[in-house]
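Below are the chains, spelled out letter by letter.
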Amino acid sequence: MGVPCPHCATELHEDVLRQLAAARALCPHCQGSLDVAFMEMSDADEKAAAHDVSSSPSAGPLPDDKRYSLEVLDGNEPGQIFPIEKPEIIIGRRGCDVNLDDPEISRQHVSIEVHGDGATLRDMGSTNGTYVQGARVKEAQLKDNSEFRLGTHQLVFRVTFRAP
């Protein structure tokens, strides 16, 4: 049984994790940093984590009556608006749903899972962190007009209603 990389979700098998623990602690697929605690998960921890993921509500399709987006308030692309058109997106430096040109942002920095009138923002083990209201967070709930910072970029999550 393997454990998914927190950056690229590539399944890392137990033997690979043991080698990484003794080496450089980077995912062999995406070169993302792997937390030592993550690499030392026991089989019981892996099963519990798998259960937690499978028991969490699955991200279904986005509601027809709402429109979700991210707006860049500050950074290299102020004013840029990124529509969110699927229930879960990844924001990062490259190869993501939303790509931001910023060396302080990890390749895969955060995920955003949309649900109802809000969303859950999850840091994906980024080097420089994710900040909401000035505090570094691993996870935060977003609602309409919630602001967060990745690297030098300040973004705002927007929820608007579509006309019937």
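For the structure, check the block above.
Remember, predicted model here, so these are calculated numbers, not experimental data. (Residues numbered from 1 in each chain as written. Predicted model: local features only at pLDDT ≥ 70, side-chain atom pairs only at ≥ 80, totals over all residues. Heavy atoms only, no water.)

Participant: Can you tell me about the overall build of the protein chain, naming the residues and giving the values?
Facilitator: Per the secondary structure count, the protein chain includes three helices and 13 strands. A burial count over the protein chain gives 40% of its 164 residues as buried. Of all intrachain contacts in the protein chain linking residues separated by at least 6 positions in sequence, the fraction that spans at least 24 positions is 41%. Accessible surface for the protein chain amounts to roughly 9400 Å². Of this, 50% is attributable to carbon and sulfur atoms. (Helix = DSSP H or I, 4+ residues; strand = E, 2+ residues; numbered from the N terminus. Buried < 20%, exposed > 50% of the residue type's maximum accessible area, 1.4 Å probe, protein only. Contact = heavy atoms within 4.5 Å. Areas by Shrake-Rupley, 256 points an atom, 1.4 Å probe, with all protein chains shown as cover.)

Participant: A description of the pattern of salt bridges should follow, citing residues and the corresponding values.
Facilitator: Throughout the structure, instances matching the rule amount to seven salt bridges. Among the salt bridges present, the one from Asp65 reaches Lys66, with a minimum N-O distance of 3.8 Å. Using a relative accessible area of 39% as the deciding quantity, one classes Asp65 as partly exposed. Of the residues examined, Lys66 reaches a relative accessible area of 12% and is grouped as buried. With a closest N to O distance of 3.3 Å, Lys66 and Asp117 form a salt bridge. Taken together, the residues span a long stretch of sequence, with Lys66 in strand E3 (residues 66-74) and Asp117 in the loop between strand E7 (110-115) and strand E8 (118-123) at a distance of 51 residues. Overlapping salt bridges, with partners in common, bring together Asp65, Lys66 and Asp117 in one network. (Salt bridge = Lys/Arg side-chain N within 4 Å of Asp/Glu carboxyl O.)

Participant: Describe the sheet that holds strand E13 (residues 153-161), with residues and values.
Facilitator: The sheet built from six strands is open, its strands ordered E4-E3-E13-E12-E9-E10 with antiparallel pairing. Where the open sheet ends on each side, the last strands, each with one partner, are strand E4 (81-84) and strand E10 (135-137). Direction aside, the axes of adjacent strands within the sheet are offset by 35° on average. Across five bridges, strand E12 (residues 146-150) lies against E13 in antiparallel orientation. Along E13, the bridge assignment pairs Glu147 with Val156. (Pairing = 2+ DSSP bridges. Axes fitted to C-alpha atoms, helices over the stretch in contact; angles between N-to-C directions.)

Participant: Please set out the nonpolar core residue by residue, giving values where relevant.
Facilitator: Residues Leu70, Ile91, Leu100, Ile112, Phe148, Leu150 and Phe157 are the most contacted members of the largest nonpolar core, which totals 24 residues. Secondary-structure elements contributing two or more residues to this core are E3, E4, strand E5 (88-92), E7, E8, strand E11 (139-143), E12 and E13. Once residues within four sequence positions are removed from consideration, Leu150 is found in contact with Ile91, Leu100, Asp102, Ile105, His109, Val110, Gly129, Thr130 and Leu155. (Core = buried A, V, L, I, M, F, W, Y, C linked by side-chain atoms within 4.5 Å.)

Participant: How would you explain the pairing of E5 if you had to name every residue and give the values?
Facilitator: Along any regular strand the residues' side chains alternate between the sheet's two faces. When you tally the buried positions in E5, you get four out of five residues, the bulk of the element. Two elements, E5 and E7, share four bridges in a ladder whose sense is antiparallel. Within the sheet, the bridge partner assigned to Glu88 lies in E7 and is Glu113. The pairing of E5 with strand E6 (residues 98-99) spans two bridges and is parallel. Residue pairing in the sheet places Ile91 in a bridge with Val98 of E6.

Participant: Got a sec to walk through the sheet that holds E8? Specific residues and values, please.
Facilitator: An order of E6-E5-E7-E8-E11 is seen for the five strands of this open sheet, with the pairing classed as mixed. Lying at the two open borders of the sheet, with one neighbouring strand each, are E6 and E11.

Participant: Can you explain the environment of Arg107? Please cite residues and give values.
Facilitator: Mapped onto the elements of the fold, Arg107 is located in the loop between E6 and E7. It is 9.8 Å that separates the C-alpha atoms of Arg107 and Met124, two residues lying 17 residues apart in sequence.

In short, the description is geometric, and any link to function would need to be established separately.
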